[in-house]
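# Residue-level structure breakdown
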4 protein chains.
Amino acid sequence: MIRLALFGAGRIGQVHAFNAAAQQGVCLKYLVDPVTSTARQQLAERTGARIVEAETVFSDPSVDGVIIASSTDTHADLLLRAADAGKAVFCEKPVALDFAYVTDIVRKVEASGIACMLGFQRRYDPDFRHVRERIAQGLAGTLEHIIMTTRDPAPPPIDYVQRSGGLFLDQAIHDFDMARYLLGEEISRVYAVGGCLIDPAIGAAGDIDTAMITLTSRSGRFVQMNNCRRAAFGYDQRLEAVCSKEVLSLGNSLQNNLTIGDARGFTRSPPQNYFIERFAMAYRLEMAAFVARLRNGETPLAGIRDGLEAQRLAEAARESHRTGLPVDIAPH
Amino acid sequence: MIRLALFGAGRIGQVHAFNAAAQQGVCLKYLVDPVTSTARQQLAERTGARIVEAETVFSDPSVDGVIIASSTDTHADLLLRAADAGKAVFCEKPVALDFAYVTDIVRKVEASGIACMLGFQRRYDPDFRHVRERIAQGLAGTLEHIIMTTRDPAPPPIDYVQRSGGLFLDQAIHDFDMARYLLGEEISRVYAVGGCLIDPAIGAAGDIDTAMITLTSRSGRFVQMNNCRRAAFGYDQRLEAVCSKEVLSLGNSLQNNLTIGDARGFTRSPPQNYFIERFAMAYRLEMAAFVARLRNGETPLAGIRDGLEAQRLAEAARESHRTGLPVDIAPH
Amino acid sequence: MIRLALFGAGRIGQVHAFNAAAQQGVCLKYLVDPVTSTARQQLAERTGARIVEAETVFSDPSVDGVIIASSTDTHADLLLRAADAGKAVFCEKPVALDFAYVTDIVRKVEASGIACMLGFQRRYDPDFRHVRERIAQGLAGTLEHIIMTTRDPAPPPIDYVQRSGGLFLDQAIHDFDMARYLLGEEISRVYAVGGCLIDPAIGAAGDIDTAMITLTSRSGRFVQMNNCRRAAFGYDQRLEAVCSKEVLSLGNSLQNNLTIGDARGFTRSPPQNYFIERFAMAYRLEMAAFVARLRNGETPLAGIRDGLEAQRLAEAARESHRTGLPVDIAPH
Amino acid sequence: MIRLALFGAGRIGQVHAFNAAAQQGVCLKYLVDPVTSTARQQLAERTGARIVEAETVFSDPSVDGVIIASSTDTHADLLLRAADAGKAVFCEKPVALDFAYVTDIVRKVEASGIACMLGFQRRYDPDFRHVRERIAQGLAGTLEHIIMTTRDPAPPPIDYVQRSGGLFLDQAIHDFDMARYLLGEEISRVYAVGGCLIDPAIGAAGDIDTAMITLTSRSGRFVQMNNCRRAAFGYDQRLEAVCSKEVLSLGNSLQNNLTIGDARGFTRSPPQNYFIERFAMAYRLEMAAFVARLRNGETPLAGIRDGLEAQRLAEAARESHRTGLPVDIAPH
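Quick caveat, the model's predicted, so the values are computed rather than measured.

Before going further, it helps to examine the overall build of chain A. Each helix and strand in chain A was counted, giving 13 helices and 15 strands. Relative to the globule expectation of 20 Å for 332 residues, the C-alpha radius of gyration of chain A, 20 Å, shows essentially globular dimensions. Counting only C-alpha atoms, chain A reaches 55 × 55 × 45 Å along its principal axes. Buried residues in chain A amount to 61% of all 332 residues. The contacts in chain A between residues at least 6 apart in sequence include a share of 71% that link residues at least 24 apart. Here chain A has roughly 12100 Å² of accessible surface; of this, 49% comes from carbon and sulfur atoms. Within chain A, the 39 negative side-chain charges are centred at a point lying 3 Å from the centre of the 36 positive side-chain charges.

Structure follows, in structure tokens:
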């Protein structure tokens, strides 16, 4: 029996809790969340977890792993405590908003030797896996360039914007990670432009709502990302991997299989809304990967180092947007 | 130089006139239409044709072929006169509304030895050709059954309904022909149901607006046709040929390549509206085939005998609808 | 707590078992299956059910409902025993292969007053529900005719064919049910043709592999069904509901969202394979509906009477295929 | 009667010749091409044009307009001669490869007061028009950013590469033009990366085969262009205009309406191949626009100034690619 503890009873915490609890031979033993809420109570009841303080988790030798899905400002401290206690960790991204601090934390976590998996769920999505495997198996030929689109259905509330770390870190980080993952190499140059085209309140909060990013890889391949806080039809999550023998295009996952024909023409439904729904299977598979890591040491697809590298690209994009110039990333 | 004469300056006559005149080494010498109209006048001017009486056409030895695109009730007489005059004919379907009469005309035309091509333009449409060739080349495996859909954008005017010969003869005849063409064999049994579901005025005029037809071929293969006088989105013209190795699905030809994404989802344009537009290329190619017949004797894809056989199926469908029973078609 | 017992540890039994056990406040107490197998053992372990004899189930007053997913020849007896014991039943279709016998069983079950839901899971599929609701809400206008396609990925083994009851009863019954469900009225006439086009062994076993069926409803609306034991691309499950204001087309549910572009063109994946996968959500929702029936009396979408009526249409289709004539169904 | 003269009997010259000659009241009087070839001879015969020297064209007062479709290095001289002779011009892009020279020529042509239309046929394509009009009419809301894809089916021959002016000027110029056209304002900043990922011979010839370009408009809107000399499936010509109320996605124009279903899934045909086919209608409409300019002074959608501005962006992209830095474009 694998025993897990969860930090954070919010939306993504609930997803992880149910996915963990649904696995054979896995028990969600503890739930830690400082806020007394109905959600916390119900989550504990439905998963059989006990609501405790963090201390209980880290001092219980029967706990095999912890899932960190609490607010971003608590991630670093929990990672360090898990490292001290020798607990394997599944941590939601980002480790922290401040990059220098993240660098420091990652060094300490790595030094501790604990297993530390990062929540880049998109790597586990069957569609994205399919693209990756087709390239890896040589079916598609050489990957030459990638076009990625991520657009939210609508801008988040301004208070979320304020503590999100900004568009590059909050939203585009998954695309930065996917770029590295598909290319199988590091990025050497980042150019980003962006602005507030949707809502001036986002600009007033010091963020942007639209960005266009160009990445150049070490070996000279290219990635274009367009990131936006709105698409008129909902969540827009697509990718095109242009290879020498195949062009692999990942479309949106629609809500249903119905086409309505009327005087306007033929209408298909909007995409699944939103990432919780779109990546439901990916969340399930990444939690299974965490359990597989605990059970038999299988290396997960994304570790804490991947979080660091993706965040490095987000930092570079932010710098490029600020200065108007491309930013070089030295080998490190 | 190939010299042609056209009977009928209406909509389909104009299509044939321009397609004939646009061909290298082809001259549309005469235009015959009893009604003095601006359309007739303009058509003559734009194609360089002279407006004459039928007699002039049939007595001019320089005329190589005649295009019969006048009203249905004139087809038979013009066919007989062309047969007498030894002129090759391109004739719009049907030969006549009365089947016994058609049988008689076809016998006489065939006896005359003139070339007589029938206007089943769908056989020349590149999409339908593609299906046919894929089967003929063995790529698709054995053709086992066919599903065909023909729906008009909207019911025709009641006065058209009254002189159309009815849904089976007026609209479904193209599907009967395509069934024979794709199967490459004759039909042995027809079952048809139908009714007035769209407009009671059509029923009052003695016709139906919706029909479902089942064909069984001599060798025991099947065809399902659904024919209707309306589709909410416009002209609906599709076919599915189920073969042992491939399922060949012919979709509608849309007006443009634009997808509009908004809160309703993703909308593509309605189909091309209507057969004149949808089959523009088919009309061009069938007229080229008529000219090729005149020029070097190439057999066209549809002859007058095909018109007879398709009409036989329409007759059988009408009989089946009337009696409520399947109708057997004896080898003939 | 709702306590359930399951008969049958086969493929569909497992689906129901997990779906039942995954529900809050539901306990799968018993599992009955005469065959000692690893599958039975594992299913019991994973759902916490006890393996018992049928007698235990029917004599335990704490059992609220039974799920009959055992082989078809046991359905009728279990239904009668459940009726005697006053247990609510969820029963897989068909009740039995012999129609007269089914009529008798249904009468007895209905007389007993027990709740009896039938496994027409397609009624619970979100896509099909969407079609139904769009019509029910009046958005689509009047439903005028329906085209339905059901094709298996490949013919079943011959020993399955032999005890399946034949294509009409085994496969097409879901389409018969959907026709009644969408039309909201009974069918008055059935015409069916069919044959062995795929595999002569199916014919040798007394069955057909291809059928085309035409239904006429009491009020004079039409349904065309094409049913086949093979589609070259896999499981083919589509529907087109032609309404006065909208044409509602339900496409296949594909395996992924990837389009591969290469010299052949653009390729999308095959459909989900097979009904267990395609209707995974439908199976979940129908089991939830059974529990809702037990918990608060909500009427499920399909009762035992619907099983009888769908089977009546399958019988009529078989008769029509045998005689070559349409079969009238008198009001009953 | 409008009398035209054509310079250049090559592929695009032939397209213009037939489109010009097919118009009512238009006569292609002269054809000028220094190379004696079968193509030149046939074109003259089929359009009725006389093969003459340039002098004849410019000294014939009956010539209303000239079509310049000869090799790029002759464009400037012919433009100046047409300006001197007061002939209206339809000129293929680019005016010349050297930007400073182009600036000079444009100034002189504009000073002459002749009508001068540039061959940006994409502005006349019904699909692109549709996008433009939907935005212009306010249906789509505010245009915020654009993603454009242009990929050739395969790299051109190296000798073409050598005299093409390079990817930015030869291929991407149509996208630069479309960006300006859709945005309705000028570009203020260009960033381009590119490289040789397909064929090192292109690099050896001093060109690139892949480019990713980012444009920032004066008002702060963004465009991403990806340009490539190959797509595995053929000619790739797409655009996505992201607006506040609609996302307008222009897909490729496929060769046919057939979907082939087999074990691999569902395959649609490759796109139309290549620009001559894809933009057949656009070429027809732009020639009609040239005639309309001559006939009644209607302003065409693209003038010589648009050629200059698009080329300015190509120059900036080349500079950005060379220096690795974004290039600012001062108001001019």
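Let us keep going from here.
This part covers the UniProt feature "domain: Gfo/Idh/MocA-like oxidoreductase N-terminal" (unreviewed entry) in chain A. Per the UniProt annotation, the sites labelled "domain: Gfo/Idh/MocA-like oxidoreductase N-terminal" (unreviewed entry) are residues 2-120 of chain A. The distance from the first to the last C-alpha atom of residues 2-120 of chain A is 22 Å, and the span holds 46% helix and 22% strand.

If you want to describe how two helices pack, look at the angle between their axes and the distance between the axes. Residue and element names in this part refer to chain B. Put simply, helix α1 (residues 11-21) and helix α12 (residues 280-296) touch, their axes get as near as 9 Å, and they point 60 degrees apart. With respect to α12, the element α1 is oriented oblique. For the pair α1 and α12, the crossing hand works out as right-handed. Every residue of α12 that contacts α1 at Ile12, Val15, His16, Asn19 and Ala20 is listed here: Tyr283, Arg284, Glu286 and Met287.

All names here are of chain A. Here strand β5 (residues 88-91) shows two buried faces, one formed by Ala88 and Phe90 and the other by Val89 and Cys91. Bridging between strand β4 (residues 65-68) and β5 involves four bridges; their strand directions are parallel. The residue bridging Val66 from the neighbouring strand is Val89, located in β5. For β5 and strand β6 (residues 116-118), the ladder comprises three bridges, and the chain directions are parallel. By the bridge assignment for β6, Val89 is matched with Cys116. Handedness of the crossover is the feature at issue here: the chain leaves β5, passes through helix α5 (residues 99-112), returns alongside β6, and the resulting connection is right-handed.

This brings us to the sheet that holds strand β5 (residues 88-91) of chain D. Working definition: the strands of a sheet are paired by backbone hydrogen bonds and lie parallel or antiparallel to each other. Residues and elements named next belong to chain D. Taken in spatial order, the six strands line up as β3-β2-β1-β4-β5-β6 in an open sheet, and their pairing is parallel. Lying at the two open borders of the sheet, with one neighbouring strand each, are β3 (50-51) and β6 (116-118). Along the sheet, helix α2 (residues 38-47) makes contact with β1 (2-7), β2 (26-32) and β3, crossing β2 at roughly 160 degrees. Seen against the sheet, helix α12 (residues 280-296) touches β1, β2, β4 (65-68), β5 and β6 and runs at an angle of roughly 170 degrees to β5.

To continue, consider the domain arrangement of chain A. Residue and element names in this part refer to chain A. Assigned domains of chain A: these are domain 1 (2-114) and domain 2 (123-282 + 309-328). Distance from the C-alpha centre of domain 1 to the C-alpha centre of domain 2: 27 Å. Taken residue by residue, the interface counts 11 residues in domain 1 and 12 residues in domain 2. For the pair domain 1 and domain 2, the summed buried area comes to about 900 Å², and 66% of that belongs to carbon and sulfur atoms. In terms of surface lost to domain 2, no three residues of domain 1 exceed Lys93, Leu97 and Phe99, which account for 60% of the buried area on that side. For the interface between domain 1 and domain 2, the tally reads zero salt bridges. Between domain 1 and domain 2 we count three residue pairs in polar contact (both at pLDDT 80 or more) in total. Looking at the side of domain 1 that touches domain 2, the elements with two or more residues in it are α1 (11-21) and α5.

Now for the relation of the copies chain D and chain A. Both copies of the chain are tied together by a single rotation about an axis and a shift running along it. Least-squares fitting of chain D to chain A yields an RMSD of 0.0 Å, with the transformation described by 0.0 Å of translation along the axis and a rotation of 180 degrees. Both chain copies can therefore be described as sitting about a two-fold axis. Across chain D, the smallest distance between a C-alpha and the rotation axis is recorded for D:Leu325, namely 3.3 Å. Most of the interface of chain D is mirrored in chain A, where 100% of its interface residues again form contacts.

Mapping chain C onto chain D leaves a residual RMSD of 0.0 Å; the transformation is a rotation of 180 degrees accompanied by 0.0 Å of translation along its axis. When the interface residues of chain C are mapped onto chain D, 100% of them are again interface residues, pointing to one common binding face.

Calculation criteria
Here the residue numbers are simple positions, counted from 1 along each chain's written sequence. For naming, the first written chain is A and the first written ligand is 1, with later ones following in the order written. Residue-level local features of this predicted model are given only where pLDDT is at least 70; pairs of side-chain atoms are given and counted only at 80 or more, and the full residue set underlies all totals for whole chains, interfaces and linings. Excluding hydrogens and water, the side-chain values take into account all heavy atoms of the structure. Secondary structure counts use DSSP, requiring at least four H or I residues in a row for a helix and at least two E residues in a row for a strand, with both numbered from the N terminus. With C-alpha atoms as the basis for the radius of gyration, the globule rule is written as 2.2 Å multiplied by the number of residues raised to the power 0.38. Only protein chains enter the accessibility calculation, which uses a 1.4 Å probe; a residue is then buried when its area is under 20% of its type maximum, exposed when over 50%, and partly exposed in between. In this description, contact between two residues means that some pair of their heavy atoms is separated by no more than 4.5 Å. Every accessible area reported is derived by Shrake-Rupley at a probe size of 1.4 Å, with residue values counting cover from the shown protein chains alone. Asp and Glu are treated as the negative residues and Lys and Arg as the positive ones, with His and the ends of the chain left uncounted. Charged side chains are reduced to one point each, which is NZ for Lys, CZ for Arg, CG for Asp and CD for Glu. UniProt positions are given in the numbering used here, feature names are shortened, and annotations may be inferred rather than shown by experiment. Working convention: axes come from line fits to C-alpha atoms, limited for helices to the stretch in contact. Angles between N-to-C directions cover 0 to 180 degrees. Relative orientations are named as follows: roughly parallel for angles under 35 degrees, roughly antiparallel for angles over 145 degrees, roughly perpendicular for angles from 65 to 115 degrees, and oblique for any other angle. Crossing handedness is read from the near helix: turned anticlockwise from the far helix by less than a right angle, it gives a left-handed crossing, and turned clockwise, a right-handed one. A strand pair is defined by DSSP finding two or more bridges across the two strands. Crossover handedness is defined by viewing with both strands directed away from the observer: a clockwise path from the first strand over the helix to the second marks the crossover as right-handed. Per the annotation, domain bounds derive from an automatic or database assignment of domains. Each of two parts loses accessible area, computed with a 1.4 Å probe, when they are put together; buried area is these two losses added. We count a salt bridge whenever a side-chain nitrogen from Lys or Arg sits within 4 Å of a carboxyl oxygen from Asp or Glu. Pairs of N or O atoms within 3.5 Å make up the polar contacts considered here, provided that, within protein, one atom can donate a hydrogen while the other can accept it, and that residues adjacent in sequence are counted only when both atoms are side-chain atoms. In superposing the copies, a least-squares fit is computed on C-alpha atoms, taking residues whose pLDDT is at least 70 in both.

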